[in-house]
Structure formats: C-alpha cells, structure tokens
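Observations on chain architecture
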Amino acid sequence: MRILLIFIALALSSCTLISHQSQKETVRLLDTARRNRAEHIFHNVIEKLATEYHEPIDLERWTIDTLNNGLQALDGHASLVKPHANQPRRHAYFGFEYRVRSGRIFIVRVDYGSPMLNAGLRRTDEVVAINGIGLGNHSLQEISTYFDEFEMAQFSVLRGKTLQELSVTKRRFSQLPPYELHYIGQYAYVFVANFDEQIAPFLKFVMPHIDHADGVIFDLRSNTGGSWQYALRLISYVLTPNLPIMRIGSAFESANIYESFECPVHKPSVPVVVLINTETASAGEMASQILKESKRALVIGEGPTLGLGTTMSTYELDNLDGLELSIPRQKYFGPTGGNINKIGVTPDLHVTETNPAQRYIPGVLDTALEAAVQYLDMQRAQTASLR
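If you're wondering where the values come from, they're calculated on a predicted model, not measured in any experiment. (Residues numbered from 1 in each chain as written. Predicted model: local features only at pLDDT ≥ 70, side-chain atom pairs only at ≥ 80, totals over all residues. Heavy atoms only, no water.)

All right, on to the overall build of the chain then. When its secondary structure is counted, the chain shows eight helices and 18 strands. Classification of the 387 residues of the chain by burial places 41% in the buried group. Here the analysis covers contacts within the chain between residues at least 6 apart in sequence; of these, 64% occur between residues at least 24 apart. As presented, the chain carries roughly 21,000 Å² of accessible surface, and 55% of it is formed by carbon and sulfur atoms. (Helix = DSSP H or I, 4+ residues; strand = E, 2+ residues; numbered from the N terminus. Buried < 20%, exposed > 50% of the residue type's maximum accessible area, 1.4 Å probe, protein only. Contact = heavy atoms within 4.5 Å. Areas by Shrake-Rupley, 256 points an atom, 1.4 Å probe, with all protein chains shown as cover.)

Taken as a whole and assessed by the stated rule, the structure comprises seven salt bridges. Close ionic contact of Arg 359 with Glu 180 constitutes a salt bridge, the shortest N to O distance being 3.0 Å. Here the residue Arg 359 occupies a position in the loop between strand S18 (349-350) and helix H8 (367-385), and Glu 180 occupies one in strand S9 (residues 179-184), the gap between them amounting to 179 residues. Glu 180 shares its class with Arg 359; the two are buried. For Asp 219, the salt bridge identified is with Arg 221, shortest N-O distance 2.7 Å. The exposure classification of Asp 219 matches that of Arg 221, with both residues buried. If you follow the salt bridges from partner to partner, you end up with Asp 219, Arg 221 and Asp 366 in one network. (Salt bridge = Lys/Arg side-chain N within 4 Å of Asp/Glu carboxyl O.)

Before going further, it helps to spend a moment on the nonpolar core. Residues Val 190, Met 207, Val 216, Phe 218 and Met 246 are the most contacted members of the largest nonpolar core, which totals 42 residues. Counting residues per element, the ones that place at least two in this core are S9, strand S10 (187-192), helix H5 (200-206), strand S11 (215-219), helix H6 (228-236), strand S12 (244-249), strand S14 (272-276) and helix H7 (283-293). Setting aside chain neighbours within four positions, we find Phe 218 in contact with Val 190, Met 207, Leu 234, Val 238, Val 272, Val 273, Val 274, Leu 275 and Leu 291. Core analysis: the next-biggest nonpolar cluster, separate from the first, contains 22 residues, Val 110, Leu 117, Leu 135 and Ile 143 among them. (Core = buried A, V, L, I, M, F, W, Y, C linked by side-chain atoms within 4.5 Å.)

Turning our eyes to something else, we now look at the side chain of Glu 302. By the secondary structure assignment, Glu 302 is in the loop between strand S15 (298-301) and strand S16 (310-316). Arg 122 provides the closest opposite charge to the buried, salt-bridge-free Glu 302, at an N-O distance of 7.1 Å. A distance of 3.0 Å separates a polar side-chain atom of Glu 302 from the backbone nitrogen of Glu 353. Apart from the residues within four sequence positions on either side, Glu 302 is in contact with Ile 276, Asn 277, Thr 278, Pro 347, His 350, Val 351, Thr 352 and Glu 353. (Lys, Arg positive; Asp, Glu negative; His and termini not counted. Polar contact = N/O pair within 3.5 Å; in protein donor to acceptor, adjacent residues only side chain to side chain.)

For a regular strand, side-chain orientation follows a simple rule: the groups alternate between the two sheet faces. Residues of S15 alternate between two faces, with Leu 298 and Ile 300 on one and Val 299 and Gly 301 on the opposite face, all of them buried. As defined by bridge partners, S14 adjoins S15 across four bridges and the pair is classed as parallel. Following the sheet pairing, Val 274 is matched in S15 by Val 299. Note that S15 and S18 share two bridges and pair parallel. (Pairing = 2+ DSSP bridges.)

Here the focus is the environment of Gln 175. Position of Gln 175 among the secondary structure elements: in the loop between strand S8 (162-169) and S9. Gln 175 sits 63 residues away from Tyr 112 along the chain, and the two C-alpha atoms are 6.8 Å apart.

The next thing to look at is H7. Burial runs high along H7: 10 of the 11 residues are buried. Within H7, burial applies to Ala 283, Gly 284, Glu 285, Met 286, Ala 287, Ser 288, Gln 289, Ile 290, Leu 291 and Glu 293. Where H7 is buried, its residues touch S11, H6, S12, S14, S15 and strand S17 (324-333). Phi for Lys 295, located one or two positions after H7, is positive at around 55°.

What follows is the structure, encoded as structure tokens:
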C-alpha cells in the first residue's frame, strides 16, 4: 500500500512538472507571437511615415525619441542613447549638471551655494529656453554654447506641468564635497549625495568614526543613487553583520539574497534616522527602505521618493554606431519583501523641507534635521531612564 502511495505521489509530481513546463512553453510561444506582431506594427508605421508623411522626417531620430519616451514610461532608469550622450554635463559657473534625453534637457544635480540653487532650480526640472531661445532639438555643442554665452540669463524651466522663469547671474562658488561625516552633539551626521565609486574611501576610512555615536543620522536627501553594493555597505554600519536584508530578482530569474557586510565598526543598537525627500533616488531609496522595513530607522522628510527600485543592464546594439539600450533587469526587495519601484519610500514622519541646501549647513534652518535630532534626544532619554 505504501509503495502504491509513493508511486501515485511521484506520478502526480511528474504531472505537475510537465504541466508547469507546458505552461512555460505556452507563455514562450505567446510572447514570441506578440513580439512578432509588435515588430510588424512598428515596421508598418515606419514604412508609412517614410512614404506617406506630408514632409521629410528624420526617421532615425523619431524612432529613438519614440522608444525613449516609451522606455521612460516603463521605468525612469531606462534609456536608448549613444554612450557619450548619457553622461551628465556640468556647468561650473551656473552650478548644475544636466542630461540631454531625446533632445530635451533635464537637470540631474544642483550644487549648494550655486547661482542656480539660489535662483530656485531643482533636480528633475527641464530647461526649455534661455533668454527666450528654445533649446529643444539642438545639438549638444549648441546647448553648451548657449549655457556659456550669457553672464546673466533668464531660464525657462518646466517643473511638472508648470513653466517657471528663473533669473540668474554666473559667478564662482565653492562646491561642497558629496560625502561628509561630523558630529551634531553626540550624534553622527552622515551626508551622502550619491553611491558612485568615489564613495569607497569614505566608507572604508571615514565611516568607522561613528564608533562613539549615541545615534546616527543618514542624510539621503536628493541622493542620486548609484551602486547598490555601496549603499548596503553604508547601512551595514548600523546593522548586525551577515543579516539577510535584501533580495534582487525578477519574474524570469530566481532572487539572490544579500546580507549586511562586515564593517570595522557596527552600531546595531543605537537609534537611527534617515532623511529623504521627493528627489531621493534608486540606491538611496533602497537603503532607506531596508532600514525602514527592518525597523532599524525612523524615516523623516518629504515623500514619496522617486520610486526607482530596479537594477540596470546596458546593451550595445549591433551595427548601430554604439547605440546603447539601458533597461531594468531586476527589482530590489527589502527584508520583508517590500519593493519601492514606481511607488517610492514614504517617510514615517512627514516634515516639510526648509533648507534649500538639503544637507547640514551651520546656521541654516533645517526642520527635517531638527526633527531628527529631537527624535534621537527622545530615544536617548528613554534608554537612560531604563538603566
């Protein structure tokens, strides 16, 4: 009887496996049919534009622009560009970095103390004109020339659907470092503008100085993202080592589990605050969400964040002059399975920003940072009362 039951169980599991394989094969065939139909639609549209449109059209540029708009609708990370065109360009005297995407100019960073920050420019703004000269569909060289040409300029920028006029005068200014650690009383304040490779020495040599802190504040406001590995290294300083804290996977690949790193110093019991805003992006969001899901930090600021919760892969397209396609391959998942893609991180405590620098500057009113210090004071007092 037992042998019969085992045989039946094996037969059922085999049927289930065959059923799953059959389902996968059906999905694959359906996907192939849909892809063929999509290619057919696109080919026919191109053909009609080439032969029937009322005036000549640059079909290559139209195709790239159309695909870029569609990619952006899928994911804010995605793009189809030539490698050099995807690199941010910086204007030193105005004090901002910008990217050109499909002939449109988007601000990716505004420097503290710069003329543009004082004029009110924000990250993600789109610059549409300078002194009344429209910038759409101009070459990179022409755009750079317009930025260099004027000592005083009227910038027309789109913020969402609102057009704003910003008056600015070029001048020299001191640029602040992208990473810093100092103490506010007994609390370690850690500012991180991005998780690019330049952060590696900071993580290795500066972060261990939190060893005497009674609390930690991670300021990730307007953090532009970067390497998720560096983001994990940063927050590992306030976590127990070798703790499973993140999964990365997709609908087509099994998820990989990642643990907190071994660090020179670990502060797994001190209270932690993370400061965010609506411009915190990608790896900065992931770090915030992990600490929030782990109940390891109170998240303070404005939200939700941008909602870029994916890892990217870049592919050079064959025989297309170096044209590169960047698309999301996998999603981040926090320790309890949360994903912030297209959703963002919502703060535990909403505090309206008053500091245009979005980082600690002595003497500058910063309501979010004040709220962080007050929370840490309260936690410290509670801990002292229990002793």
